[in-house]
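# Structure at a glance
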Amino acid sequence: MSDDVELPPHRFAGLVAPAVDRVFAAGILAGRDGGGAELSQRYGGPAATGFLVEFRTRLAAPGGTVDPAGFAAVTRYRDPASCQRALDKQVAYGMLHRRPDGCLCATERGLAFLAELFQVHAEVTEELWAGHDERVLRLVETLGRLLAHALVSAEEETDVLGDAFAVTAPPYEPDGTAPGVLLLNRLGTLRYHRADAHAAAWTAAGHTALSVSELPAGPERLAIELETDRRAAGPYAALTAEERLTMLADLAALPG
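Analysis parameters
- Residues numbered from 1 in each chain as written.
- Predicted model: local features only at pLDDT ≥ 70, side-chain atom pairs only at ≥ 80, totals over all residues.
- Heavy atoms only, no water.
- Helix = DSSP H or I, 4+ residues; strand = E, 2+ residues; numbered from the N terminus.
- Phe/Tyr/Trp six-rings, centres within 6.5 Å; stacked < 30°, edge-to-face > 60°.
- Buried < 20%, exposed > 50% of the residue type's maximum accessible area, 1.4 Å probe, protein only.
- Patch = residues over 30% accessible without salt bridge, like charges linked within 9 Å, V, L, I, M, F, W, Y side chains within 5 Å.
- Areas by Shrake-Rupley, 256 points an atom, 1.4 Å probe, with all protein chains shown as cover.
- Salt bridge = Lys/Arg side-chain N within 4 Å of Asp/Glu carboxyl O.
- Lys, Arg positive; Asp, Glu negative; His and termini not counted.
- Charge placed at Lys NZ, Arg CZ, Asp CG, Glu CD.
- Arc of directions from axis to C-beta.

### Focus: unusual backbone geometry
Residues Ala169 and Pro170 are joined by a peptide bond in cis, for which omega reads -10°. Among the structural elements, Pro170 can be located in the loop between α8 (163–166) and α9 (179–204).

Okay, here's the thing in structure tokens:
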């Protein structure tokens, strides 16, 4: 199969994005409904745990920190003042620690919450994707290659490493992490790579986070989406065209 004719990386980037979003959202919702919401309440509720969940792939790691640039990038479509107030509450709850340089890290209580959250995600994804073990393992391997390619490309300066992706990649994966958790967190991290590509595309078009969110469907929005696909295509060069199609088929087959 020819990459030039059949499915080049930039075309695949646009096709696979909604499939990635669907499977990721299914896993996150299953986690919430399958014990995550109750777990959060035991630690103070979303007001105490929200950013721990959002930045779990970095904060669960020993010494893992979230810098101000990464925090701003992940929350770029939200009101900064509201985010800071929410962050202050989570610090006050004793779940996060804010260092003098503005970087965030999980407290001992925050790490305990994340360890329990990973267990919840392991249980619910095993149930959600039961009977698809081979497909899950294949996707885990494929996503690992995509994330590694994106990180290496950034180090070699053949691609720009966006702040949202930089603060979430590579995801923390201790020995024994369940395949469903690996898949969920690798999907989530890959989504931030596209989020950075999208932000770069609308910034180049002269937009802000607010103005692009209000942009109606039409030629200008389409141009931004196509440019997003181009900028998000880099990792998919690590796959053959056949592997891209297999990834798309595997994602489409997963329940959720």
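### Observations concerning the packing of aromatic side chains
In total, this model carries six aromatic pairs according to the counting rule given. Seen from their ring centres, Phe12 and Tyr236 are 5.0 Å apart, and the 75° between their planes marks the pair as edge-to-face. Of the two residues, Phe12 is situated in helix α1 (residues 9–42) and Tyr236 in the loop between α11 (219–232) and α12 (241–253); the sequence distance between them amounts to 224 residues. Given a relative accessible area of 0%, Phe12 falls into the buried group. When the centroid spacing of 4.9 Å and the interplanar angle of 70° are considered together, the rings of Phe51 and Phe71 count as edge-to-face. Here Phe51 is found in helix α2 (residues 46–54), whereas its partner Phe71 is found in helix α4 (residues 68–74), with 20 residues between them in sequence.

### Digging into a negative patch on the surface
A surface patch of negative charge is lined by Glu123, Glu126, Glu127 and Asp133. In terms of residues, the negative patch owes the most to one element, helix α6 (residues 108–128), which gives three residues. Looking at the secondary structure, you find Glu126 in helix α6.

### Points about α2
For α2, the complete set of buried residues consists of Ala48, Thr49, Phe51 and Leu52. An end-on view of α2 places all buried positions within 155° of arc, on one side of the element.

### Things to note about the environment of Val152
One can find Val152 in helix α7 (residues 133–155). In this structure Val152 comes out as partly exposed when scored by relative accessible area, which is 38%. Sequence separation between Val152 and Gly70 is 82 residues, and the spatial gap between their C-alpha atoms is 19 Å.

### Some thoughts on the pattern of salt bridges
A side chain of one charge can pair with a side chain of the opposite charge if their charged atoms are brought near each other. This model, assessed by the stated rule, comprises 18 salt bridges. Note that Arg99 is salt-bridged to Asp101, the shortest N-O span being 2.7 Å. Since its relative accessible area comes to 32%, Arg99 is described here as partly exposed. It is possible to trace a salt-bridge network through shared partners that takes in Glu134, Arg135, Arg138 and Asp250.

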